[in-house]
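# Per-entry structural report
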Amino acid sequence: MSDVKERIDQLVKDNDVVLFMKGSKLFPQCGFSSRAVAILDRSNVEFETVDVLQDQEIRQGIKEYSDWPTIPQLYVKGEFVGGSDIMMEMFESGELQALLSVEKA
Amino acid sequence: MSDKPNGPVASEMIRRLTEALEPTRMHLDDQSDHHIGHAGHDGRGESHFALTIESAAFEGRNRIERQRLVYRALGELLDEQVHALSIRALAPGEA
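Since this is a predicted model, take the numbers as computed values, not measurements.

This part covers the packing of helix H4 (residues 84-93) of chain A against helix H2 (residues 63-74) of chain B. Packed helices, taken two at a time, are described by their axes: the angle between them and the distance between them. Axis separation between H4 of chain A and H2 of chain B bottoms out at 11 Å; the angle between their running directions is 150°. In terms of orientation, H4 of chain A and H2 of chain B fall into the roughly antiparallel class. Read as a crossing pair, H4 of chain A and H2 of chain B show a hand that is right-handed. Here Asp-85, Ile-86, Glu-89, Met-90 and Ser-93 of chain A of H4 of chain A lie close against H2 of chain B, whose contacting residues are Arg-63, Ile-64 and Gln-67 of chain B. Considering only residue class, the contact of H4 of chain A with H2 of chain B consists of 3 nonpolar, 2 polar and 3 charged.

Shown next as structure tokens:
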């Protein structure tokens, strides 16, 4: 396993809910990252964020990690959930809240 | 197919998606004008798109697999041309 893959693995395992995004929670640097943060805020869940703009290695590595070429990316309990379109669809159907509340318990 | 944006990037996206996924319905909306002046808009336009695509290829596949099929069909266009793409991928009969 490459170094970057190990680092990502660790982030995903250490945090039940982690969002890889552009910018920070307070200052998202892209519309999709901003939307992803808003969805998690609305879901009343604690979550960590990783700003890929601060780390070129992770910015590239995360795309290979999940075979997913875009950012943001949400992981819950080590599992890749999707990007902001999927988060929005799952939020609107209630699936995301269900997934997150199960993980909280 | 409800509309066809005229730009070369949009045309190429539609060509690749049509070839790979044989969509029964497709709508590609070029929203680049909404993003003039912020990061990712290089001034040429054709950078921000919203895609709705219906294809039998999505049947029995989850959301992640569906979007991966779209991403694969678009290939390097996504890295090099398209800064932002919002995707709704439906199987026939889904709302």
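The rest of the description comes next.
Residues and elements named next belong to chain A. On the UniProt side, "binding site: [2Fe-2S] cluster" (unreviewed entry) is annotated at positions that read Cys-30 here. Within the fold, Cys-30 resides in the loop between strand E1 (17-21) and helix H2 (31-42). The buried category is assigned to Cys-30, whose relative accessible area is 13%.

Right, let's get into the sheet that holds strand E2 (residues 48-54) of chain B. Residue and element names in this part refer to chain B. Taken in spatial order, the 3 strands make up an open sheet running E1-E2-E3, and their pairing is mixed. Unpaired on one side and paired on the other, strand E1 (25-30) and strand E3 (84-90) mark the two borders of the sheet. The sheet shows a mean angle of 10° between the axes of neighbouring strands, direction not considered. Bridging between E2 and E3 involves 7 bridges; their strand directions are parallel. Directly across from Phe-49, in E3, lies its bridge partner Leu-85.

Here the bond from Ile-71 of chain A into Pro-72 of chain A is cis, since omega is 15°, no more than 30 degrees from zero. Although it is not a glycine, Lys-77 of chain A adopts a positive phi angle of roughly 45°. As for its placement among the helices and strands, Lys-77 of chain A is situated in the loop between strand E3 (73-76) and strand E4 (79-82). Unlike most non-glycine residues, Glu-22 of chain B shows phi in positive territory, near 40°. Along the chain, Glu-22 of chain B turns up in the loop between helix H1 (8-21) and E1. By relative accessible area, Glu-22 of chain B is classed as exposed at 62%.

Next up on the list: the packing of aromatic side chains. Applying the stated criterion across every chain yields a total of 5 aromatic pairs over all chains. A centroid spacing of 5.0 Å and a plane angle of 90° characterise the contact between Trp-68 of chain A and Tyr-71 of chain B, whose relative ring orientation is edge-to-face. Taken together, the residues span two chains, with Trp-68 of chain A in the loop between helix H3 (56-65) and E3 and Tyr-71 of chain B in helix H2. A single burial state applies to Trp-68 of chain A and to Tyr-71 of chain B, both of which are buried. Taking NZ or CZ as reference, Lys-25 of chain A lies 4.2 Å from the ring centre of Phe-47 of chain A, over its face.

Let's shift gears to the side chain of Asp-51 of chain A. By secondary structure assignment, the location of Asp-51 of chain A is in strand E2 (residues 48-51). Of the polar contacts made by the side chain of Asp-51 of chain A, one reaches the backbone nitrogen of Gly-23 of chain A; its length is 2.9 Å.

The next point concerns the packing of H1 of chain B against H2 of chain B. Residues and elements named next belong to chain B. Contact pair H1 / H2: the axes reach a minimum separation of 8 Å and the direction vectors enclose 120°. As judged from the angle between their axes, H1 and H2 are oblique. You can see that H1 and H2 cross each other, and the crossing is right-handed. Residue-level inspection shows Met-13, Arg-16, Leu-17, Ala-20 and Leu-21 of H1 in contact with H2, the latter providing Leu-69, Val-70, Ala-73 and Leu-74.

Reading the values: rules and limits
- Residues numbered from 1 in each chain as written.
- Chains lettered and ligands numbered in written order.
- Predicted model: local features only at pLDDT ≥ 70, side-chain atom pairs only at ≥ 80, totals over all residues.
- Heavy atoms only, no water.
- Axes fitted to C-alpha atoms, helices over the stretch in contact; angles between N-to-C directions.
- Helix = DSSP H or I, 4+ residues; strand = E, 2+ residues; numbered from the N terminus.
- Parallel < 35°, antiparallel > 145°, perpendicular 65-115°, else oblique.
- Left-handed = near helix turned anticlockwise from the far one by under 90°.
- Contact = heavy atoms within 4.5 Å.
- Nonpolar A, V, L, I, M, F, W, Y, C, P; charged D, E, K, R; others polar.
- UniProt positions renumbered as here; feature names shortened; annotations may be inferred.
- Buried < 20%, exposed > 50% of the residue type's maximum accessible area, 1.4 Å probe, protein only.
- Pairing = 2+ DSSP bridges.
- Phe/Tyr/Trp six-rings, centres within 6.5 Å; stacked < 30°, edge-to-face > 60°.
- Lys NZ or Arg CZ within 6 Å of the ring centre and 35° of its normal.
- Polar contact = N/O pair within 3.5 Å; in protein donor to acceptor, adjacent residues only side chain to side chain.

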